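# Understanding the architecture of this molecule
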Amino acid sequence: MADERDDSERSEDPTQKKLDEALERGDVAKSQEVNTWFVIAAATLILMAFSAPMGFGITTTLRGLIANSYQIRVDGRGFLDAVSKLGIEVIAASAIPLLLLALAAIGGNLIQHRLVWSAEELKPKLSKISPAAGLKRLFSKQALVNFAKGLAKLALIGTIITLILWQQRYRLDGLVATDPAAILPLAQTLSLEMLGTIVAVLAVLAAADYLFQYRQWFERQKMSLRELKEEFKQTEGDPAIKGKIRQIRQNRARKRMMAAVPSASVVITNPTHYAVALKYDRGMSAPVCVAKGVDAIARKIRNPARALPGGRRGHRLRHAAQPGGRRSGLGEAYPLRRFTA
């Protein structure tokens, strides 16, 4: 029940860090149908391009073996040498097609995900030998989909092969009395026709299965809000600690600002809330603000300014003439030292 509750709480899309960790564990979106399609497509191309050269090479080897069979020594080391030579020639004739099949199998994996080296799946787990976990996997949604997919493939491919061979049933009956050399071209033609049709059908199945597998994999990687918060703490740090650090920095910056107030040339305030300390020296194009603040910070800036020599009495600032000829107070200025032009 706990696992089901956790799964139901996973409503958030996974982060890139989560996806990278899954890839490192070897948990990737993979469709076996894509691998199958690559192998069958490669086999079809090999049959089209290399069947004649490969058949010619093997035929030549076997013809020579039969023609010189009386010279082959079958006692002791001679028989082993003959078998080794025959095996080498057969492998040489079929080396390129076998290499292409191996590359197609690797390409079927690489097109779905990048190359992954992980020993995570080799680690012993109790869930692999648990009967309950085994039954859950056996009757899971993934297993039922794979079963239905297998039945659909079997029925579809069986129907295609039956339709192709049914059209050639009269020619196939006459092959009993046909020269064996004439059977090979017909067998090659029928094989290419069946493989081509199967490749076209499996392409659609492979694409649909990959989309389904990717969706299932993406759903498994989804995260809950708690997991998102934990990952944020791991990557960005605990918000409480970051807030404490920010507060310490602000306090230190405020202390440095208050320590710079005595070096100001003047402190300008409004009657109640604001205070700005400005510093001006000869050669400066404009005054520099060394401290500013509102409310409590403004009082802390204003009080030291009043206590300094020359800052005990402020000069009241006034607005320009207002409508009606009245003037209103803007604030006070506390000169801390004489301005130098």
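Residues numbered from 1 in each chain as written. Predicted model: local features only at pLDDT ≥ 70, side-chain atom pairs only at ≥ 80, totals over all residues. Heavy atoms only, no water.

### So, the overall build of the protein chain
Going by this rule: By definition, any uninterrupted DSSP run of H or I lasting at least four residues is a helix, any uninterrupted run of E lasting at least two residues is a strand, and each is numbered from the N terminus. Each residue gets one of three labels from its accessible area relative to the maximum for its type: buried under 20%, exposed over 50%, partly exposed in between, using a 1.4 Å probe on protein chains only. Per-residue and other accessible areas were derived by the Shrake-Rupley procedure at a 1.4 Å probe size, with only the shown protein chains allowed to occlude residues.
Along its length, the protein chain carries 11 helices and five strands. Counting the 341 residues in the protein chain, one finds 21% classified as buried. Total accessible area on the protein chain is roughly 23,800 Å²; 63% of this is exposed by carbon and sulfur atoms.

### What about the pattern of salt bridges?
Inclusion rule: Whenever Lys or Arg places a side-chain nitrogen within 4 Å of a carboxyl oxygen from Asp or Glu, that contact is recorded as a salt bridge.
Under the counting rule described, the total for this entry stands at eight salt bridges. Among the salt bridges present, the one from Glu 21 reaches Lys 17, with a minimum N-O distance of 2.6 Å. You can see Glu 21 and its partner Lys 17 sitting in helix H2 (residues 16-24), four residues apart, about one turn around the helix. Given a relative accessible area of 29%, Lys 17 falls into the partly exposed group. We note a salt bridge from Glu 219 to Lys 222, for which the minimum N-O separation is 3.6 Å. Given the relative accessible area of 32%, Glu 219 is considered partly exposed.

### Considerations on the confidence of the model for the protein chain
Selection rule: Along the chain, pLDDT gives the predictor's confidence residue by residue, from 0 to 100. Only heavy atoms matter for contacts: two residues are in contact if any of them lie within 4.5 Å across the pair.
On average, residues of the protein chain carry a pLDDT of 76, and 82% of them reach 70 or more. Note that pLDDT drops below 50 for residues 1-5; the model gives that stretch zero contacts with residues more than four away or on any other chain. Contacts for the low-pLDDT stretch residues 311-330, under 50 throughout, to residues beyond four places or in other chains number 40 contacts.

### Description of the side chain of Thr 44
Formally: Polar contacts, as used here, are pairs of N or O atoms within 3.5 Å; protein pairs need one atom able to donate a hydrogen and one able to accept it. Residues neighboring in sequence count only if both atoms are side-chain atoms.
Tracing the sequence through the fold places Thr 44 in helix H3 (residues 32-67). Only 2.9 Å separates the side chain of Thr 44 from the backbone oxygen of Ile 40, close enough to count as a polar contact. With near-sequence residues (within four places) excluded, Thr 44 lies in contact with Leu 192, Leu 195, Gly 196 and Val 199.

### Quick look at the packing of H3 against helix H4 (residues 77-110)
As a reminder, the rule being used: Helix axes are fitted only over the stretch in contact, all axes being lines through C-alpha atoms; the angle between N-to-C directions runs from 0 to 180 degrees. Roughly parallel here means an angle under 35 degrees, roughly antiparallel means over 145, roughly perpendicular means 65 to 115, and every remaining angle is called oblique.
With their axes 9 Å apart at the nearest point, H3 and H4 run at an angle of 175 degrees to one another. In this view, H3 runs roughly antiparallel relative to H4, as classed from their interaxial angle.

### Digging into the side chain of Lys 149
Structurally, Lys 149 is set in helix H6 (residues 141-167). On the basis of relative accessible area, Lys 149 is assigned to the buried category, the value being 18%.

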